[in-house]
Amino acid sequence: MERIFSGIQPSGEIHIGNYVGAIRNWVRLVDQYECIYCVVDYHAITVEYEVALMQRRILETATILLACGLTPEKCIVFVQSHVPEHTELAWIFNCVTPIGELERMTQFKEKAKQHRQNINMGLLDYPVLQAADILIYKAGYVPVGEDQVQHVELCRDIARKFNARFGLTFPEPQVLLSAAPRILGTDGQAKMSKSMNNTIGLLDPPSVIWEKLRTAVTCPHREKRYDPGHPEHCNIYTMHTAFSKPDQLEYVEKGCRTAAIGCIECKEILSKNMIEELIPIQDRVKAINEKSHYIHEVLTSGADRARAIAQKVMEEVRTKIGVKFRPQE
Ligand code: AQP
């Protein structure tokens, strides 16, 4: 079975962009691949964060993954810092990665603008650690949202550079995109993002989901009720493609183009579908939270399983780069 790796940062409230762009796709892949999914806490410390909140965020993120269907029977779920081989391999990859490649990464440029007072090495090095996350398991596929495609391309470059210098060791992993790889925020401007205050949270109650959708930006062409719209320019329609059935999709698509329906009716249909899909996840989160030790047990055994793979690969890497002592003759 081919192997998949992907990760999610415990950097805030998990939102429907994370869900339809990544997590829901991860769940669909567990029957076809050996899947390893990680809460990437060391990535989340590259920006300012509340130390006192971190542990809760890690557990909350892992609980959501489980509630979405990523159970230990189906895949490995663990926390990045519990398997230190990730950071060890990242150091070695640092030594084959040109700084210029990192400086041209879109995410680095955006985050550097957002966090001018704290442009640290970790922010620049983020994609190298991500490459180590993937390659420490020799994963062949990486299911991510569109924003992460450039980083996976860099990961392929790093694998190629390492292989060229030290001998064939790593695969060149490929991206697997979901059907909705880029959800904009409720502001309709930027990517829905934990740090942008433009999210619909996976755990938001129905009334909050509706309020956020009701006030969300729609197609700019529909200034008045009878202006026809362009669904391809509307983030609400993009969300419909992720949550609505084909006949409903056709209804809102035609209704928008001909102005037969207004934005509020369109949003009501979306809200109903979104809530229907999210309520069972929210119920499972509550059930997992009632068994307080369960999530800790899952993460401990997940880390054990991940570490067993990672340690073998690190042994191979240490040998290849010439630092591992050979037995004395
Ligand atoms: N808006 C989005 N649409 C589709 N996919 C998305 N992803 C994130 N936002 C969207 C995908 O979710 C996975 C986990 O992302 P992450 O938490 O590791 O990092 P991120 O991409 O930086 O997510 P955020 O929400 O924007 O977090 P912050 O604000 O902390 O930077 C990834 O596969 C990502 O593509």
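Residues numbered from 1 in each chain as written. Predicted model: local features only at pLDDT ≥ 70, side-chain atom pairs only at ≥ 80, totals over all residues. Heavy atoms only, no water.

Asks: Looking at this structure, how should I read the pairing of strand β2 (residues 34–39)?
Replies: Consecutive side chains of a regular strand alternate in pointing toward one face of the sheet and then the other. β2 sits mainly inside the fold: five of its six residues count as buried. For strand β1 (residues 3–8) and β2, the ladder comprises six bridges, and the chain directions are parallel. Bridge assignment links Ser 6 to a residue of β2, and that residue is Tyr 37. Regarding the hand of the β-α-β motif, the stretch spanning β1, helix α1 (residues 16–29) and β2 is right-handed. (Buried < 20%, exposed > 50% of the residue type's maximum accessible area, 1.4 Å probe, protein only. Helix = DSSP H or I, 4+ residues; strand = E, 2+ residues; numbered from the N terminus. Pairing = 2+ DSSP bridges. Right-handed = clockwise from strand over helix to strand, strands pointing away.)

Asks: Any chance you could explain the pattern of salt bridges here in plain terms?
Replies: Note on pairing: side chains with opposite charge can pair once their charged atoms come close. Evaluation of the coordinates by the stated rule reveals 21 salt bridges. In this structure, Arg 104 engages Glu 101 in a salt bridge whose closest nitrogen and oxygen atoms are separated by 3.4 Å. Classification of Arg 104 by relative accessible area gives partly exposed; the value is 42%. Across the pair Arg 257 and Glu 253 runs a salt bridge whose closest N-O atoms are separated by 2.5 Å. Of this pair, Arg 257 and Glu 253 both sit in helix α11 (residues 246–257), four residues apart, which is roughly one turn of that helix. (Salt bridge = Lys/Arg side-chain N within 4 Å of Asp/Glu carboxyl O.)

Asks: Would you mind showing me how to read the side chain of Lys 111 here?
Replies: Tracing the chain through its elements places Lys 111 in helix α6 (residues 106–114). Buried charge without a partner: Lys 111 forms no salt bridge, and the closest opposite charge is Glu 110, 7.5 Å away. Lys 111 has contacts with Val 47, Leu 123 and Ser 195, leaving out every residue within four places of it along the chain. (Lys, Arg positive; Asp, Glu negative; His and termini not counted. Contact = heavy atoms within 4.5 Å.)

Asks: Please clarify how the site of the ligand should be interpreted in this entry.
Replies: Inspection of the region around the ligand gives 22 residues, with Lys 111, Asp 147, Ser 193, Lys 194 and Ser 195 positioned closest. Contact distances for the ligand include 2.5 Å between an oxygen atom and a side-chain N or O atom of Asp 147. One of the side-chain N or O atoms of Lys 191 is found 2.8 Å from an oxygen atom in the ligand. For the ligand, whose unbound accessible area comes to 640 Å², protein coverage reaches 97%. At the level of secondary structure, the elements contributing two or more residues to the shell around the ligand comprise β1 and α1. Sorting elements by how many residues they give to the shell around the ligand places α1 first, with four residues. (Near = heavy atom within 4 Å. Polar contact = N/O pair within 3.5 Å; in protein donor to acceptor, adjacent residues only side chain to side chain. Areas by Shrake-Rupley, 256 points an atom, 1.4 Å probe, with all protein chains shown as cover.)

None of this, on its own, says anything about what the molecule does.
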